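Below are the chains, spelled out letter by letter.
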Amino acid sequence: MNKPFYIVFLILLASCNLSKNQNSDSSEVGNKSAINTEITNTDLSQIEPIDTNVIKIITFFREKNIDKIANIIHFPLKREYPIPSIEDEKEFKKRFEEVFDNTLVAKIANSNPKQWSEIGWRGIAFENGDVWLDHEGKIFAVNYQSEVEKELKEYLIAKEKENLHPSLRDFEIPVYKIYTKSYQIRIDKLSEEEYRYASWKIGEKENSKPELILNKGLVQYEGNAGNHVIIFSVENYTYKVYRNILVAEESSSDVTLIIEKDNQIILSEEGTLLPE
């Protein structure tokens, strides 16, 4: 991901919002006051402490204590591709409001511990998986996306299309960029139900013609933790890209590529998601 493009986008976004913010200072103050009132009104002492880690996180968000929140983030905190990951506490503090906008802060601060569900070894999920904690009380995933991140994502997708081979520029959403031992792979979503697979040998550029393009990929989900596989078929070959989001072993890879011929595995390689 090109860092200068990312920085320029944020500057432009801030400039575009400046006049709007100046014209609505009084309403903005009113909104923040309302949020703070909501946060203050719930008495944590009256909530049964089913999990001390959850109580601690609710308290930090109630105080909007960014320093304390930064201490309980598992880095790198990955964002939806092509938005770059947040690598450390310093970067997290700068980008806090990109991830945790007023809506999500209030949602967490006003939450009841019963809204946080333990999903076995996978960790603790807030509501529908907006936020995930590990069993040590650290936030390792935030699936919620603020309006700022949505705009940033659109900007980055447009820039990425400019740098692709012309045969690959028609897609809705970039899904994954993957490195395995042998291949550089990108998966793009073409429509609501169709995915595309393109691959190059390691070291080749994305603006060069892909070695292989496969269309009509379908996704199959495995359980409710987000793990899934995207399957592409051509003649007697099947390409399977497994996305390992929540796994039992920390050593497990982000992605597993399996190629089958006549239902027999002829290649299996672990993969790493980019950007890291």
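Residues numbered from 1 in each chain as written. Predicted model: local features only at pLDDT ≥ 70, side-chain atom pairs only at ≥ 80, totals over all residues. Heavy atoms only, no water.

Asks: Teacher, can you tell me more about the overall build of the chain here?
Replies: Helix and strand counts for the chain come out as 7 helices and 12 strands. Relative to its 276 residues, the chain shows a buried fraction of 43%. Long-range contacts, defined here as pairs at least 24 residues apart, represent 42% of the contacts in the chain between residues at least 6 apart. (Helix = DSSP H or I, 4+ residues; strand = E, 2+ residues; numbered from the N terminus. Buried < 20%, exposed > 50% of the residue type's maximum accessible area, 1.4 Å probe, protein only. Contact = heavy atoms within 4.5 Å.)

Asks: Which parts of the structure should I look at to understand the sheet that holds strand β9 (residues 228-234)?
Replies: Sheets are built from strands that pair by backbone hydrogen bonding, the pairs being arranged parallel or antiparallel. The strand order around the closed barrel built from 8 strands is β5-β6-β7-β8-β9-β10-β11-β12, with neighbouring strands paired in antiparallel fashion. Averaged over all adjacent pairs, the angle separating strand axes in this sheet is 30 degrees, with direction ignored. Pairing geometry for β9 and strand β10 (residues 237-243), over 7 bridges, is antiparallel. Note on β10: the bridge partner recorded for Val234 is Tyr237. (Pairing = 2+ DSSP bridges. Axes fitted to C-alpha atoms, helices over the stretch in contact; angles between N-to-C directions.)

Asks: What is the right way to look at the sheet that holds strand β3 (residues 131-133) in this model?
Replies: Taken in spatial order, the 4 strands of this open sheet run β1-β2-β3-β4, and their pairing is antiparallel. Edge positions in the open sheet fall to β1 (116-118) and β4 (139-142), since each of these has one partner strand only. Across the sheet, the mean angle from the axis of one strand to that of its neighbour is 20 degrees, orientation sign disregarded. Across 3 bridges, the pairing between β1 and strand β2 (residues 124-126) is antiparallel. Opposite Ser117, over in β2, you have Ala125 as the bridge partner. Packing against the sheet, helix α3 (residues 52-63) makes contact with β1, β2, β3 and β4, and its axis sits at approximately 155 degrees to β1.

Asks: Before we go on, may I ask you to explain the pattern of salt bridges in this structure?
Replies: A complete count under the given rule lists 19 salt bridges for this structure. One salt bridge in this structure joins Asp67 and Lys93, with 3.0 Å as the shortest N-O distance. Of the two residues, Asp67 sits in helix α4 (residues 66-70) while Lys93 sits in helix α5 (residues 89-99), which places them 26 residues apart along the sequence. Look at Asp67 and you get partly exposed, because its relative accessible area is 46%. Its salt-bridge partner being Glu162, residue Lys159 comes within 3.3 Å of it at the nearest N-O pair. Here Lys159 and its partner Glu162 are both found in helix α7 (residues 147-162), 3 residues apart, which amounts to about one turn of the helix. (Salt bridge = Lys/Arg side-chain N within 4 Å of Asp/Glu carboxyl O.)

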